[in-house]
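If you want the building blocks of each chain, they are given just below.
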Amino acid sequence: MKEKLFHKIEKWLGNRTSLFLIVVAVFIQSIFFFFISLNNVYTETYDLQRFATANTTIRSPVTIENEAETERKTREAVQQIGDRYSISEQVNNERIGYSEEIFDAVLALDEEEEEAGTEEETENNGEEAAKLTAEEKIDRLRQVLSEDIVLEVSADAFRTLINQPTEEVEKAQKLFIASVEEVMDNGVRTENLQTAKVNVQEEIKYSELDPVLKDVLIEFSNFIVTENSFFDLEATNEARKIAASNVDPEMIKAGEIIVSEGQVITNEIYEQLRLVGLLDGERNFYPVIGLILLLIILGSVSVVEINKLANRGTMNKRVLAALLTISIIVVTLMKVVSFYSTDSNQLFYIMPIAMGALLLKLFISERLAIIMAGVYAIIGTVIFNGLIPGALNIEAGIYFFFSQLAGIIFFPQVKDRLAILRAGLGIILVNILTVLLFLFLSFEKYTLIDFVLNSAYGLVSAFLAAVLTIGLLPFFETGLGILSDTKLLQLSSPNQPLLKKLLVEAPGTYHHSVMVANISETACEAIGANGLLARVGAYYHDIGKTVRPQFFIENQLSNRNPHDRMDPKESAKIIISHPYDGVDMLKENKLPKEVIEIAKSHHGTSLLKFFYYKEKKKDPDVQEKEFRYPGPKPKTKESAVISICDSVEAAVRSLSEPTEEKIEEIVSAIMNDRIADGQLDESPLTLTELKVIQRTICDSLKGFFHSRIQYPNREEK
């Protein structure tokens, strides 16, 4: 009871230590992200004076409105708007009416006189009509015309008009009214009244009318043409409002050159520098806070996800170091590429961002690869923001995320290193589609060269990602000691020297190891453990038996067993030594630590019951510890599964007629014995997983040891 309690406390402390290491690693990663992207949110300030000479070219770090300049342009636009005048229709109608009234009265008088001369009336009446003098006609006109006309038009003008033939009067009427209407419709103001009168008089002068009649019309024009356009305050204000609203804000755009090297800093330039915050560092404080908050959020997500892996036993210091190294490599590459990326040449398309996702999926897990793909994409939006504080390059972020996601999807299972290149083909497709997506969504017009160039960037990005992934594999596998699926596949090849040695020198053990590998891989995959690691570990777990292969029953071709003539203690010593002989051989051949641990712990501290009870018959006081393996006990799911499968396969093999019932009984008995003996106490296996393992092992063994038809031999025939 005390040992179990001590073990739980030790495991809890181990988890706390793992969490501490995770937090430290993520903190280091966040600090690196902070300093590498700091200049993307923090702008350099300058100590400049008015009328000094700039010693460097300074660009605006932000897009901001120059309100003072906008106000000046608005003021100028408003000042350019002149006064608005409205033409009085009442005055127009009045003046045109006066003109028509004069000519209509004269024409009516002539018409009346003609009618009187043609009527069949009495002679007296005829004489009376014929005897109307000019003065009488003038008097009659003055009686019927408006008072303003009578006051302004002279009797001589009426007299001249009366004496003109009707045709001439009608022609004069048309010319005069047309000229007056044209001038009045254009608006007559006080300042251009004389000009308007002159325009009408010029029309009259150059007409074909009788000179005397022209003089009369000129006199009429001085009376008729008058001011009809008056200042309109409402229209003027409306026009000025429209002019002010049409003024575009004067913007200082991010990246725009404010002052060039060698240029004198005028008052206007100085105010622009002050406006964009290049003279005072106060504004720089806020983007830095934003960057810190962003990194805190991303770091928290990373800690939670990495801790989940640690709780499942798939995270250790070396894997944590690999994650940190991959993050540093990916973000450093992004920073280098950003130095050469511009608005016109978007080189972020060429960034081999998918490399990070491929390495993370290869070395750690697919889920963490997806999480970190999002983290790298968000960091990319900051790094590729064109050094504009507060801006995020969303286009780059989407491209990075899709590219990494393509690498994860098209890299389902590692069978060889060519799988990485095949995944690269999928990344090429997604990269090009994403590039075309951005080009087609843009309002800008792109040429065929733009499509080809940007698509080529996407192709190069995928190619570099695949090549760099393959190139970095040896570094992580050897330098950091990370065990990848590609390394495991290499170790599983029958051409490996140790496996050849096992096959030649201990063929029975080799066959046993292959059987254990098949069963262990299936069981591990059923509980979500690393089946490939279990297979490779099972291949090498009994490699130590090649030191003395004849002492292990599966390699004894004859019926003679050397243990029959040996002391049980000596036999136990030989049997117990094989895991540790194997460890020495594996270390000598530089096999991964995970494989060595499986070989070392696959028997745990279990008891060699056969030799123990054999010795106990001779010496009842024999100590049990002399016949136990020194350990350690399995600490991972893979090693625990192999330890179970190793015992189960050997036990089932010993059955002369293995039936399904016998197989299930042996598997159940061995697993219960392992649990009761405490051999699985240090492994992370749960009771639920143990049930799944038991069921999977039984199914596998039933398939291997199925019943066969008994063919009759010659004697039976």
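Analysis parameters
Residues numbered from 1 in each chain as written. Predicted model: local features only at pLDDT ≥ 70, side-chain atom pairs only at ≥ 80, totals over all residues. Heavy atoms only, no water. Helix = DSSP H or I, 4+ residues; strand = E, 2+ residues; numbered from the N terminus. Buried < 20%, exposed > 50% of the residue type's maximum accessible area, 1.4 Å probe, protein only. Contact = heavy atoms within 4.5 Å. Areas by Shrake-Rupley, 256 points an atom, 1.4 Å probe, with all protein chains shown as cover. Phe/Tyr/Trp six-rings, centres within 6.5 Å; stacked < 30°, edge-to-face > 60°. Lys NZ or Arg CZ within 6 Å of the ring centre and 35° of its normal. Axes fitted to C-alpha atoms, helices over the stretch in contact; angles between N-to-C directions. Parallel < 35°, antiparallel > 145°, perpendicular 65-115°, else oblique. Left-handed = near helix turned anticlockwise from the far one by under 90°. Core = buried A, V, L, I, M, F, W, Y, C linked by side-chain atoms within 4.5 Å. Patch = residues over 30% accessible without salt bridge, like charges linked within 9 Å, V, L, I, M, F, W, Y side chains within 5 Å. Salt bridge = Lys/Arg side-chain N within 4 Å of Asp/Glu carboxyl O.

(A) A look at the overall build of the protein chain. Looking only at helices and strands, one finds 29 helices and 6 strands in the protein chain. Across the 717 residues in the protein chain, those meeting the buried criterion constitute 44%. Long-range contacts, defined here as pairs at least 24 residues apart, represent 79% of the contacts in the protein chain between residues at least 6 apart. Accessible surface, the protein chain as shown: approximately 38,700 Å² in total, 55% of it carbon and sulfur.

(B) Layout of the environment of E682. Looking at the secondary structure, you find E682 in the loop between α28 (660-676) and α29 (687-704). Note: C-alpha distance between E682 and K635 (47 residues apart in sequence) is 5.2 Å.

(C) Region of interest: the packing of aromatic side chains. The full count for this structure, using the stated rule, is 20 aromatic pairs. With 6.1 Å between their ring centres and 75 degrees between their planes, Y85 and F231 make a pair best called edge-to-face. You can see Y85 sitting in strand β3 (residues 85-87) and its partner F231 sitting in strand β4 (residues 229-231), a full 146 residues away along the chain. The exposure class assigned to F231 is partly exposed, which follows from its relative accessible area of 44%. By way of ring pairs, the aromatic residues F348, Y349, F384, Y399 and F400 are connected into one cluster. It is R95 that lies over the ring of F223; its NZ or CZ is 5.2 Å from the centre.

(D) Just the packing of helix α14 (residues 317-340) against helix α16 (residues 366-383), in detail. The geometry of α14 relative to α16 is characterised by a closest axis approach of 11 Å and an angle of 30 degrees between their N-to-C directions. One finds that α14 runs roughly parallel with respect to α16. Crossing hand, α14 versus α16: right-handed. Contacts between α14 and α16 involve L323, I326, S327, V330, V331, M334, K335 and S338 from the first element and L368, M372, Y376, I379, G380 and I383 from the second.

(E) The arrangement of the nonpolar core in detail. M315, M334, I364, Y376, I379 and F400 are the most contacted members of the largest nonpolar core, which has 73 residues in total. Within the residue set of this core, elements represented by two or more residues are α1 (2-37), α13 (285-311), α14, α15 (354-363), α16, α17 (394-409), α18 (418-441) and α19 (448-479). Ignoring anything within four residues of it in the chain, the contact list for Y376 reads F33, L323, I326, S327, V330, M334, I353, L360 and Q404. Residues I527, A529, I543 and V595 belong to the second largest nonpolar core, which totals 50 residues.

(F) Summary view of a nonpolar patch on the surface. On the surface, F20, V24, F27, I28, I31 and F35 cluster together into a nonpolar patch covering about 600 Å² of accessible area. Its place among the elements puts F27 in helix α1. On the basis of relative accessible area, F27 is assigned to the exposed category, the value being 55%.

(G) Representation of the pattern of salt bridges within the structure. Within the structure shown, the criterion is met by 28 salt bridges. Residue K73 pairs with E250 through a salt bridge whose shortest N-O separation is 3.0 Å. Separated by 177 residues along the polypeptide, K73 in helix α2 (residues 67-79) and E250 in the loop between α11 (233-245) and β5 (251-252) bring together distant segments of the chain. Across the pair E135 and R159 runs a salt bridge, and its minimum N-O distance is 2.5 Å. You can see E135 sitting in helix α5 (residues 134-144) and its partner R159 sitting in helix α7 (residues 155-162), a full 24 residues away along the chain. For E135, a relative accessible area of 40% translates into the label partly exposed. On the basis of relative accessibility, which here comes to 24%, the residue R159 falls in the partly exposed class.

(H) Just unusual backbone geometry, in detail. The omega torsion of the bond from G631 to P632 falls at 10 degrees, within 30 degrees of zero and hence cis. Its place among the elements puts P632 in the loop between α26 (609-618) and α27 (637-653). Look at F51: it is not a glycine, yet its phi comes out positive at around 65 degrees. By relative accessible area, F51 is classed as exposed at 58%. Even without being a glycine, K590 presents a positive backbone phi close to 60 degrees.

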